[in-house]
Every structure is written in structure tokens, then in C-alpha cells.
Amino acid sequence: CHYPLPVTTVDVLSNLAYGHGLQQGAPAAVMTVIGWNGERVEYTLRAGVDTAESSYARPEYRESIRHSIANVEAVRSEPAVLYSRYRYELLTFRTVIRLGAPMVVRRIDLRYVGECGYLMVSDIFLRDF
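Residues numbered from 1 in each chain as written. Predicted model: local features only at pLDDT ≥ 70, side-chain atom pairs only at ≥ 80, totals over all residues. Heavy atoms only, no water.

Caption draft 1: Representation of unusual backbone geometry in the model. At Y18, a residue that is not glycine, the phi angle is positive and equals roughly 60°. In this structure, Y18 sits in the loop between β1 (7-17) and β2 (27-35). (Helix = DSSP H or I, 4+ residues; strand = E, 2+ residues; numbered from the N terminus.)

The following block contains the structure:
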């Protein structure tokens, strides 16, 4: 099953886990959007620009995180106790990828390229605006 109409924008909701060592602007993942006509749009998600560490709000990790959240759009903050004895805010960030021309999307490939950690993708939205 696929969405049969052309879209112009892909929204990605994601965060990094254990990506503390990624420097500001460092490549974290490469997303390739592939259309039914064979067209391809490749986009590099960067730490502190398109996504960021989910545990940024945890004070015990703040000093070890090498990228900022100042320029990333935080869209979700959920209370969590994952890997912690204390409740903290688990953050999710949004990046908007403009395809340049309308495309009927066949497939989206995602490859993690960061030096450490991994990328958690919670949602991908295809939009025609």
C-alpha cells in the first residue's frame, strides 16, 4: 500500500540515543526518498541541526553531549525513566525535508552514519504543502 499522490515535503520526527559524542552539525543519518519514476532526493540529518540527543534534558549527561538543541525544533517531550533511577524528559525533534518538486514516493531508505549512538525515528509524514 502506498500514498498515490505527489508530495513536496517529508517531516521526520526523531532523536538520537547514545549520540552524545556527535559534534554540532555532524552527519547522523542519510535519508533517501525514492519516487516511482526513479527520482531520488538524498538528505543528511545532522546532530544539533535536524535531530539531537533524546536525553538532553538529563543534567547528568548535559556536559558530555557535544551538540546543541538550540537550532532544532523539539516537538515532543515525554516523561521517562529509561535507563535511569529518576524521571526526566525524553525529547523528540522534527526536521522538514523539501523535495524540490512533487514526487509520488515509492520508498524511503534511512542509513545511520554517526560515529556513535543510533537514530530513533518515531514518525515520518508525507505532505503536499
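Having put the structure on the table, let's press on.
Caption draft 2: Seen up close, a nonpolar patch on the surface. Together, Y3, L5, L110, V121, I124 and L126 line one region of the surface with nonpolar side chains, adding up to about 490 Å² of accessible area. Counting residues per element, the nonpolar patch draws most heavily on strand β7 (residues 118-127), at three residues. Checked against the element boundaries, V121 lands in strand β7. Here V121 falls in the partly exposed class, since its relative accessible area comes to 34%. (Patch = residues over 30% accessible without salt bridge, like charges linked within 9 Å, V, L, I, M, F, W, Y side chains within 5 Å. Areas by Shrake-Rupley, 256 points an atom, 1.4 Å probe, with all protein chains shown as cover. Salt bridge = Lys/Arg side-chain N within 4 Å of Asp/Glu carboxyl O. Buried < 20%, exposed > 50% of the residue type's maximum accessible area, 1.4 Å probe, protein only.)

Caption draft 3: Structural detail: the pairing of β2. Along β2, eight of the nine residues are buried, which leaves the element largely enclosed by surrounding structure. Note that β2 and strand β3 (residues 40-46) share seven bridges and pair antiparallel. Following the sheet pairing, V33 is matched in β3 by V41. Between β2 and β3, which follow one another and run antiparallel, lie four residues, and G38 among them has a positive phi close to 90°. As judged from the seven bridges shared by β2 and strand β6 (residues 105-112), these two strands associate in the antiparallel manner. Residue pairing across strands places V30 opposite R111, the latter belonging to β6. (Pairing = 2+ DSSP bridges.)

Caption draft 4: Spotlight on the packing of aromatic side chains. Enumeration according to the criterion identifies one aromatic pair in this entry. When the ring of Y18 is compared with that of Y118, the centres are 6.2 Å apart and the planes differ by 50°; the resulting orientation is tilted. With a gap of 100 residues between them, Y18 in the loop between β1 and β2 and Y118 in strand β7 connect regions that are remote in the sequence. Residue classification places Y18 among the partly exposed residues on the basis of a relative accessible area of 43%. For Y118, a relative accessible area of 37% gives the class partly exposed. The positively charged end of R106 is found above the aromatic ring belonging to W36, 5.1 Å away from the centroid. Taking NZ or CZ as reference, R127 lies 4.6 Å from the ring centre of F129, over its face. (Phe/Tyr/Trp six-rings, centres within 6.5 Å; stacked < 30°, edge-to-face > 60°. Lys NZ or Arg CZ within 6 Å of the ring centre and 35° of its normal.)

Caption draft 5: Seen up close, the sheet that holds β2. Pairing is antiparallel in the open sheet, where three strands are placed in the order β3-β2-β6. Of all strands in the sheet, those bounded by a partner on one side alone are β3 and β6. Sheet twist, expressed as the mean angle between neighbouring strand axes with direction ignored, is 15°. (Axes fitted to C-alpha atoms, helices over the stretch in contact; angles between N-to-C directions.)

Caption draft 6: Region of the structure containing the sheet that holds strand β4 (residues 73-80). Strands sit in the order β4-β5-β1-β7 across an open sheet of four strands; the sheet is antiparallel. In the strand order of this sheet, the two ends are held by β4 and β7, each with one partner. Strand-to-strand twist across the sheet, computed as the mean angle between neighbouring axes with direction ignored, equals 25°.

Caption draft 7: Structural context of the nonpolar core. Core analysis: the biggest nonpolar cluster contains 11 residues, these being V7, V10, V12, M31, V33, V41, L45, I97, L99, M103 and V105. Among the elements of the structure, β1, β2, β3 and β5 (88-103) are those that each provide at least two residues to this core. In contact with M31, other than residues within four places in its own chain, are V12, V41, E42, Y43, L45, I97, I108, D109, L110 and I124. (Core = buried A, V, L, I, M, F, W, Y, C linked by side-chain atoms within 4.5 Å. Contact = heavy atoms within 4.5 Å.)

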